[in-house]
Amino acid sequence: MPLIRLAYASEAAFEAKPLEKGVEPHVARILLVSRRNNTKMSVVGGLYYGDNRFFQYLEGEEEAVRATYQRIQQDPRHRNVRTLIEEPITSPTFTNWSMKYVPASADVQAFLNRHKLPDFNPMAFDSEQCEEMIDLIRRSSLDQKSVNYDETKRITSPAPQTLSPGLKVGLISAAACLVVALVLVATLL
């Protein structure tokens, strides 16, 4: 099956709400569904949302990417959907992401400043800017600048302490005694 890559831009058809767990709530729901659907269809890629606009990059088998894109075009949360890039590829470059989300970051602001763009408007990107944005999304996972909405709670709130320090020491001591006893029994056999 041939592989393709596809990048598109769209405007959000919803009014942005305050962030929940670092992600706009509508975007969070899009991510949850996308990650589930994309995993089933072996589609990978990344999403950036800023200034009430989306930039999304998809890779995978041609049929799966086209079906995903068709669902996006029909999604009432998107309007003015515009294809920016659509072409064949030989191998995926986002192999470990079902749908990566890159939050507003200094990298994106630097990108906008470098290109003298007053706001994030991917519909106005030229091909070089599209490639740079794709690379920014790709690099953000290497720099740990992406948000996995499913894991945000785990990352932002430490696990509760369920064992007291004294109990931990006691358990470690008991485990050490057990290991010593097992070694002694093994040498007697």
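Each remark here, short or long, concerns the structure printed above.
Residues numbered from 1 in each chain as written. Predicted model: local features only at pLDDT ≥ 70, side-chain atom pairs only at ≥ 80, totals over all residues. Heavy atoms only, no water.

Asker: So what's going on with helix α1 (residues 25–41)? Which residues, and what values?
Answerer: Compared with an ideal rise of 1.5 Å per residue, which puts 17 residues at 24 Å, α1 spans 24 Å between its outermost C-alpha atoms and is within 8% of the ideal. All of the buried residues along α1 are Pro25, His26, Val27, Ala28, Ile30, Leu31, Ser34, Arg35 and Asn38. Remark: Ser42 follows α1 within two positions and exhibits a positive phi of approximately 60°. (Helix = DSSP H or I, 4+ residues; strand = E, 2+ residues; numbered from the N terminus. Expected span 1.5 Å × (residues − 1). Buried < 20%, exposed > 50% of the residue type's maximum accessible area, 1.4 Å probe, protein only.)

Asker: Give me the lowdown on the side chain of Glu132, citing residues and values where you can.
Answerer: Topologically, Glu132 is positioned in helix α4 (residues 127–142). Here the side chain of Glu132 touches His115 through a polar contact of 2.7 Å, side chain to side chain. Excluding residues that lie within four positions of it along the chain, Glu132 makes contacts with Phe111, Arg114 and His115. (Polar contact = N/O pair within 3.5 Å; in protein donor to acceptor, adjacent residues only side chain to side chain. Contact = heavy atoms within 4.5 Å.)

Asker: Tell me about the pattern of salt bridges, residues and numbers included.
Answerer: Taken as a whole, this structure holds 9 salt bridges when the rule is applied. Ionic pairing is found between Glu86 and Arg66, a salt bridge with its closest N-O pair at 2.1 Å. Separated by 20 residues along the polypeptide, Glu86 in strand β4 (residues 78–89) and Arg66 in helix α2 (residues 62–74) bring together distant segments of the chain. Assessed through its relative accessible area of 38%, Glu86 is described here as partly exposed. Residue Arg66 is classed as partly exposed on the basis of its relative accessible area of 37%. Within this structure, Arg5, Glu87 and Glu131 form a network of salt bridges that share partners. (Salt bridge = Lys/Arg side-chain N within 4 Å of Asp/Glu carboxyl O.)

Asker: I'd love a proper account of the packing of aromatic side chains, names of residues and values included.
Answerer: The tally for this structure, following the rule as stated, stands at 8 aromatic pairs. Geometrically, the ring pair formed by Phe111 and Phe125 is edge-to-face, given 5.3 Å between the ring centres and 70° between the ring planes. Of the two residues, Phe111 is situated in helix α3 (residues 106–114) and Phe125 in the loop between α3 and α4; the sequence distance between them amounts to 14 residues. Summarising the burial analysis for this pair, Phe111 and Phe125 share the class buried. Measuring from centroid to centroid gives 5.7 Å for Phe120 and Phe125, while their planes differ by 85°, and the two rings are edge-to-face. Through successive ring pairs, a cluster of aromatic residues spans Tyr48, Phe55, Phe111, Phe120 and Phe125. (Phe/Tyr/Trp six-rings, centres within 6.5 Å; stacked < 30°, edge-to-face > 60°.)

Asker: Give me the pairing of strand β3 (residues 53–61): which residues, what numbers.
Answerer: Burial analysis of β3 places 8 of its 9 residues in the buried class, the great majority of the element. Where strand β2 (residues 44–50) meets β3, 7 bridges bridge the pair, whose relative direction is antiparallel. Within the sheet, the bridge partner assigned to Tyr48 lies in β3 and is Phe55. Remark: 2 residues form the turn of the hairpin made by β2 and β3, two consecutive strands paired antiparallel; Asp51 in that turn has positive phi of roughly 50°. (Pairing = 2+ DSSP bridges.)

Asker: So, the nonpolar core: which residues are in play, and what are the values?
Answerer: One finds Ala7, Phe55, Val108, Phe120, Phe125, Met133 and Ile134 to be the most contacted residues of the largest nonpolar core, which totals 20 residues. Ranked by size, the runner-up nonpolar core spans 9 residues in total, among them Tyr8, Val43, Leu58 and Tyr69. (Core = buried A, V, L, I, M, F, W, Y, C linked by side-chain atoms within 4.5 Å.)

Asker: Tell me what's going on with α3, and back it up with residues and numbers.
Answerer: Restricting attention to buried positions, one finds in α3 the residues Val108, Phe111 and Leu112. Within α3, the buried residues cover an arc of 95° as seen down the axis, which keeps them to one side. The outward face of α3, more than 90 degrees from its buried face, is lined by the exposed residues Ala106 and Arg114. Lys116 sits one or two positions beyond α3 and adopts a positive phi of about 55°. (Arc of directions from axis to C-beta.)

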